[in-house]
4 protein chains.
Amino acid sequence: MTVGIGLAGLGRIGRVHARNLRGGCGEARLACVYDANTAAAQAVAAEFEVPWVATYAELLDRCDAVAIATPTATHAPLTIEAAAAGTPVFCEKPLSQDRDAALAAVEACDVAGVALQIGFHRRFDPDWVAAAQRIHAGELGQVQLFRTSLRDMDPPNPEFLAHSGGFFADVTVHDFDMARWLAGEVVEVSAHGISADPEFAAVGELDTAVVVLRFASGALGVVDNARAAGYGYECSTEVMGTLATARIDAPRGPEWRTPGQVAHGTPRDFAQRFPLAYAEELDAFARCVRDGTEPLVTGRDAVAAFDLAAAAAESQRTGRPVAVEPAGVGAG
Amino acid sequence: MTVGIGLAGLGRIGRVHARNLRGGCGEARLACVYDANTAAAQAVAAEFEVPWVATYAELLDRCDAVAIATPTATHAPLTIEAAAAGTPVFCEKPLSQDRDAALAAVEACDVAGVALQIGFHRRFDPDWVAAAQRIHAGELGQVQLFRTSLRDMDPPNPEFLAHSGGFFADVTVHDFDMARWLAGEVVEVSAHGISADPEFAAVGELDTAVVVLRFASGALGVVDNARAAGYGYECSTEVMGTLATARIDAPRGPEWRTPGQVAHGTPRDFAQRFPLAYAEELDAFARCVRDGTEPLVTGRDAVAAFDLAAAAAESQRTGRPVAVEPAGVGAG
Amino acid sequence: MTVGIGLAGLGRIGRVHARNLRGGCGEARLACVYDANTAAAQAVAAEFEVPWVATYAELLDRCDAVAIATPTATHAPLTIEAAAAGTPVFCEKPLSQDRDAALAAVEACDVAGVALQIGFHRRFDPDWVAAAQRIHAGELGQVQLFRTSLRDMDPPNPEFLAHSGGFFADVTVHDFDMARWLAGEVVEVSAHGISADPEFAAVGELDTAVVVLRFASGALGVVDNARAAGYGYECSTEVMGTLATARIDAPRGPEWRTPGQVAHGTPRDFAQRFPLAYAEELDAFARCVRDGTEPLVTGRDAVAAFDLAAAAAESQRTGRPVAVEPAGVGAG
Amino acid sequence: MTVGIGLAGLGRIGRVHARNLRGGCGEARLACVYDANTAAAQAVAAEFEVPWVATYAELLDRCDAVAIATPTATHAPLTIEAAAAGTPVFCEKPLSQDRDAALAAVEACDVAGVALQIGFHRRFDPDWVAAAQRIHAGELGQVQLFRTSLRDMDPPNPEFLAHSGGFFADVTVHDFDMARWLAGEVVEVSAHGISADPEFAAVGELDTAVVVLRFASGALGVVDNARAAGYGYECSTEVMGTLATARIDAPRGPEWRTPGQVAHGTPRDFAQRFPLAYAEELDAFARCVRDGTEPLVTGRDAVAAFDLAAAAAESQRTGRPVAVEPAGVGAG
């Protein structure tokens, strides 16, 4: 039985989910759509041949589980409302820009006994999944160094920046989740950022950063991020261990050879870089809903990544390493 | 509106189609299944939550278009039956091992005015699509050399070989279609084959071959094929032109570094090599059905590739180049 | 003790040898230079700080061994003269465009008991050396398929073509030597060539060819060659065996990433593609001279490759496979 | 005229230089050798067919320029002695583990007007040279991020560590030189190190480190280093700019394909990674000597890199970013 997903929020990522739920997902299907903008809901409903509803409450009535892709400020309240209705939740990151609100949402799902999965899509990319399996099986030996790069091709527009929650919470948060998944809990964060672009400097926003991590295991980690790499969307990861080292880089398409040069394309955005991960995260969520298992990436993971982002922001501000309490998650 | 596909034949490739029609295709959906083996039909119907029918005629009644993945000998008759019912047809290759039967099927679809698309999946792989667009746009200048390799990892079992239609019709036929698509009509074929494996030699079957092509344009082409490359499934293509040269090779997954060595996985079969092409060919077919446009790869393409395979078999037998009449398609 | 090389012929490849003998070779040194053009000899002598001589006889007097890089027609006579003087010979290919003359040179060296090494540089490239060692050690299992590409970037000028000895003797001969080295003796050759460039067609010269080989072992081989690949100088080889497959491709230099594209340079000529092989072939020759061992690539190898080139030319002319007698070498 | 090099110090790197001066260098030649261990000098002299001398003073008498590859503590005094004799100096890094001693050596060469080149070999590797030319020509636009990895395959032995001068001065110093060369002066250093290997922890030595740099230009930089990467010797660099991004990685040799896997070798040490740079740095030095030009990498560069290493050590100790005065070089 496929799981019927009610999709709330039909902006850019919401439409990615809609497309995947129609063609891409094998376990989840698009059951119903909702958006605060009724016209948008009607348009998507017509395109994807599914019902639309005018309220979130109706959406919860008409689905097996809900996927929340609405504006950030509504993530936590909608999650709590779904939990109250007994409906499992897939929620885009961040759960909230407020730690207490995020924790409240996590606890609401816990109390209600419903699954809560966060939209850290990279955990579902086939390359990372394959690498993680071998890493978790111990093939690397003792991990010594974790290194990852996440860079956007083009900078976001200024309006977006005003609501982004800050560089580390918006960009690095994905790498914090990767770090924890692949190398374990982080106990110290040192962040260094610049505003290479004068427009970013003018609004007091970072656009390029390096974050150094110390893991509970004693390993070292390093993350680099940029808002505008220029050449493309970069997402690559390396984990160096005593027995082996794993590296994941972008796939390369067809080669074009012209005089003296060999060239191939490189992804321009997350959709090109991750053609399969967004469908797979919803299928994995559907399996959890159907089988009653725990999601691979939970609300507690979201809070842990949030805490690392907050520590990075503090470190960047103070110029000092900031210690992090892994045990803090869930402690309120 | 998605197009409802009736799927006939639920063996290995039939089940690949079923899975894609549930999750993978955005324009086509699985409407109903049929197999001469009723138990197989029931099992697939249950797994994929669709109706099953006991006869092919009922299948045609319950779908917008039919996908035929039954044993080869039934391809042409089932195509003709669908044409008579006015139902568009997607048919696995080969249309028939008998040229006249294949032509009769093509003509039946022509007369009935229904679309007929052949399962040459490589035409729908994103890398080949991207390369073909640029090649057809003239970016290579004059094509001088076409080169392609298609190799299976492990040899098929002997029972399969008895019904394969011969090496060139079973294996090289895909490359003949590529050659025609990317470099135009072929006017001469020279084929050279060996039986490297004594088991193949014992049953008089080739397992490794090189086929040299001359194109109507004056360009030269070369194909190499193997039943058992050992290391993996190889499918790669190069087109060398006066202005540029295009190359398509297998994508590379995560890298594993161990002392003194860097390694990554390589595809083991067509399903690993072409994760997207099988879904896309059905979506493209669905668009043709919905919009009334001609398929990218038609029954006439199947007959043309068939003729090249027959010429290759003759060349291999006689040790001489064999001329091919491109105009022969459809001439009966 | 380094071996003092007398260098005869100071054209393009002669000057490559001069440079390597000064900086690049560790076992061979430039002892003296000679060219029929005295001014050229004087200029090179001044640049490389070595003596020059006005006659070939004087050159033989002043060296431990001679390297012949003069025009093709003089290769065999100069080899025979060196043999008569008891001087070991390194000679650029071809030994002669006349089979009997080549054989006479080989036999003169045999009779005199002096080493004769032919300038098939690829046998000394580190990548091919590494691959050959493992292939010869049996790591591939039974070789099933040999595949190689040799393509120049830009076409030679017409005057060169008039004295090239023909496409197969000038270009493919390197691949014939590779084929014999890596996969054993060849027993049948089928050649297919075109003149894609109208200027080549006008003078009756091929510019693109595919040659299919059958080996004594039963394996199949395929060579493709072009006078003008356009994008660069291509030299790559694959040997597919039952246990493993080896591939050698051009190294890739630094990567340049610009919007949506990743690019790197590709070699434009043999000097860029083989930065080490030309020095190494002279060092290997010097070791043979010093130690009295047989060169890796002898005059008999040159004749064998010559015979394959002649067979290819005949096959291309007649449109039929041509059988080759491996035992023919030395039989006169 | 080639430049005769007197080689002082015949340990591991000294012998690399000897070999290159015999075969590899085209502008420099090995004129004479010296080692405090007379037997070692005699052995190398015999092997390379050059004179040996028993004292450094005699060596200076018998060469156009001197290459110093002796133990670190003697670098500065031998440089000063050469300067006093008017002999140009190529000196292995570090010039000294004492900043004042290093500066004194630099000043002695300045006063004497003799060239002083430091053995930062990577500045002479063809890939880095090619990248640097394009970077310095402005092709990257504004540099935003500099990233580099330098990792040894196997850890050094404990005796070496005792005299290494510390992790940052021994390992990272090469990357500091790269950073300055490719992205300009560094104004702040933040270093983070661990002792992943208990043997390193036991002697209080780091084995893995990440160093974050802020450049005078405003750009950010990140270096990662390891004493024991396990899989091989890693040396790769990336410079990300607003217009383009350059990346340099290790070349890849022949590919070996076995069931489901594609593998190639990776360098195991600096000699494998840099087959050409050690010869080229001596040739470049010879050209400076002959032409009276300034070396590409001077004693002041050595002091600047030394200062960055000292700042890194301080940062690692204090847990704080350390500011660096680029103007400090030469100020005593």
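None of these values were measured; they are calculated from a predicted model.

Asks: Sorry if this is basic, but what is going on with the overall build of chain A here?
Replies: Looking only at helices and strands, chain A features 12 helices and 15 strands. For a compact globule of 332 residues, the expected C-alpha radius of gyration is about 20 Å, and chain A comes in at 20 Å, within 12% of that figure. Principal axes of the C-alpha set define a box for chain A whose edges measure 60 × 50 × 45 Å. Expressed as a percentage of the 332 residues in chain A, the buried residues total 59%. A separation threshold of at least 6 residues defines the contact pool for chain A, and within that pool the share at least 24 residues apart is 71%.

Asks: Help me understand the interface of chain A and chain B, please; the structure alone is not making it clear to me.
Replies: Frequently, the measure chosen for interface size is the accessible area removed from exposure when the parts meet. Contact with chain A, which involves 24 residues of that partner, is made by 25 residues of chain B. Breaking the side of chain A that touches chain B down by element, the ones donating at least two residues are α1 (12–22), α6 (126–136), β12 (245–248) and β13 (255–258) of chain A. Classifying every residue of the side of chain A that touches chain B gives 10 nonpolar, seven polar and seven charged. Both β12(A) and strand β13 (residues 255–258) of chain B contribute to a ladder of three bridges, which runs antiparallel. Across the sheet, the residue bridging to A246(A) is W256(B), located in β13(B).

Asks: Just to check I follow, could you spell out the relation of the copies chain C and chain B for this structure?
Replies: Relating one copy of the chain to the other requires a rotation about an axis plus a shift along that axis. Expressed as a screw transformation, the operator carrying chain C onto chain B has a rotation angle of 180° and an axial translation of 0.0 Å, and the superposed copies differ by an RMSD of 0.0 Å. Classification of the inter-copy transformation places it as that of a two-fold axis. Residues of chain C ranked by C-alpha distance from the rotation axis are headed by R320(C), positioned 3.0 Å from it. Interface residue correspondence from chain C to chain B reaches 100%, placing this contact among same-surface, isologous pairings.

Asks: I tried to follow the interface of chain C and chain B on my own but got confused; where do I start?
Replies: Between chain C and chain B, the residue contacts involve 28 residues of the former and 28 residues of the latter. The greatest single-element share of the side of chain C that touches chain B, amounting to four residues, is contributed by strand β10 (residues 220–226) of chain C.

Asks: Would you mind going over unusual backbone geometry with me for this structure?
Replies: Glycine aside, residues mostly have negative phi angles, and peptide bonds mostly take the trans form. The linkage connecting K93(A) with the following residue, P94(A), adopts the cis geometry, with an omega of -5°. Mapped onto the elements, P94(A) comes out in the loop between β5 (89–91) and α5 (99–112). The phi torsion at E49(B) lies on the positive side, around 60°, for a residue other than glycine. Within the element layout of this structure, E49(B) appears in the loop between α2 (38–48) and β3 (52–53). Using a count of 11 C-beta atoms within 10 Å as the deciding quantity, one classes E49(B) as exposed.

Asks: Which parts of the structure should I look at to understand the sheet that holds strand β6 (residues 116–118) of chain B?
Replies: Sheet strands associate in pairs through backbone hydrogen bonding, adopting either a parallel or an antiparallel arrangement. Residue and element names in this part refer to chain B. Read from one edge to the other, the open sheet built from six strands follows the order β3-β2-β1-β4-β5-β6, with strand pairing classed as parallel. Since the sheet does not close on itself, it has two edges, and those belong to β3 and β6, each with one partner. Relative to β6, strand β5 (residues 89–91) is paired through three bridges, and the arrangement is parallel. Of the residues in β6, the one forming a bridge with C91 is I118.

Asks: Honestly, the sheet that holds strand β3 (residues 52–53) of chain A in this entry has me stumped. Any pointers?
Replies: Residues and elements named next belong to chain A. Pairing is parallel in the open sheet, where six strands are placed in the order β3-β2-β1-β4-β5-β6. Edge positions in the open sheet fall to β3 and β6 (116–118), since each of these has one partner strand only. Packed on one face of the sheet, α1 meets β1 (3–8), β2 (28–34) and β4 (65–68) and runs near 140° to β2. Running over the sheet, helix α2 (residues 38–48) touches β2 and β3 and is turned about 150° from β2.

Asks: Please clarify how the packing of helix α4 (residues 75–84) of chain D against helix α5 (residues 99–112) of chain D should be interpreted in this entry.
Replies: Geometry of a packed helix pair, given as the angle between the helix axes and the separation of the axes. Residue and element names in this part refer to chain D. Between α4 and α5, the least distance of the axes is 9 Å, while the angle of their chain directions is 10°. In terms of axis orientation, α4 runs roughly parallel to α5. Across the interface between the two elements, A76, T79, I80, A83 and A84 from α4 touch A101, A102, A104, A105, A108, C109 and A112 from α5. Looking at the contact of α4 with α5, its residues break down into 11 nonpolar, one polar and no charged.

What counts, and at which threshold
- Residues numbered from 1 in each chain as written.
- Chains lettered and ligands numbered in written order.
- Predicted model: local features only at pLDDT ≥ 70, side-chain atom pairs only at ≥ 80, totals over all residues.
- Helix = DSSP H or I, 4+ residues; strand = E, 2+ residues; numbered from the N terminus.
- Rg over C-alpha atoms; globule rule 2.2 N^0.38 Å.
- Buried ≥ 20, exposed ≤ 12 C-beta atoms within 10 Å, placed from the backbone.
- Contact = placed C-beta atoms within 7 Å.
- Nonpolar A, V, L, I, M, F, W, Y, C, P; charged D, E, K, R; others polar.
- Pairing = 2+ DSSP bridges.
- Least-squares fit on C-alpha atoms with pLDDT ≥ 70 in both.
- Axes fitted to C-alpha atoms, helices over the stretch in contact; angles between N-to-C directions.
- Parallel < 35°, antiparallel > 145°, perpendicular 65-115°, else oblique.

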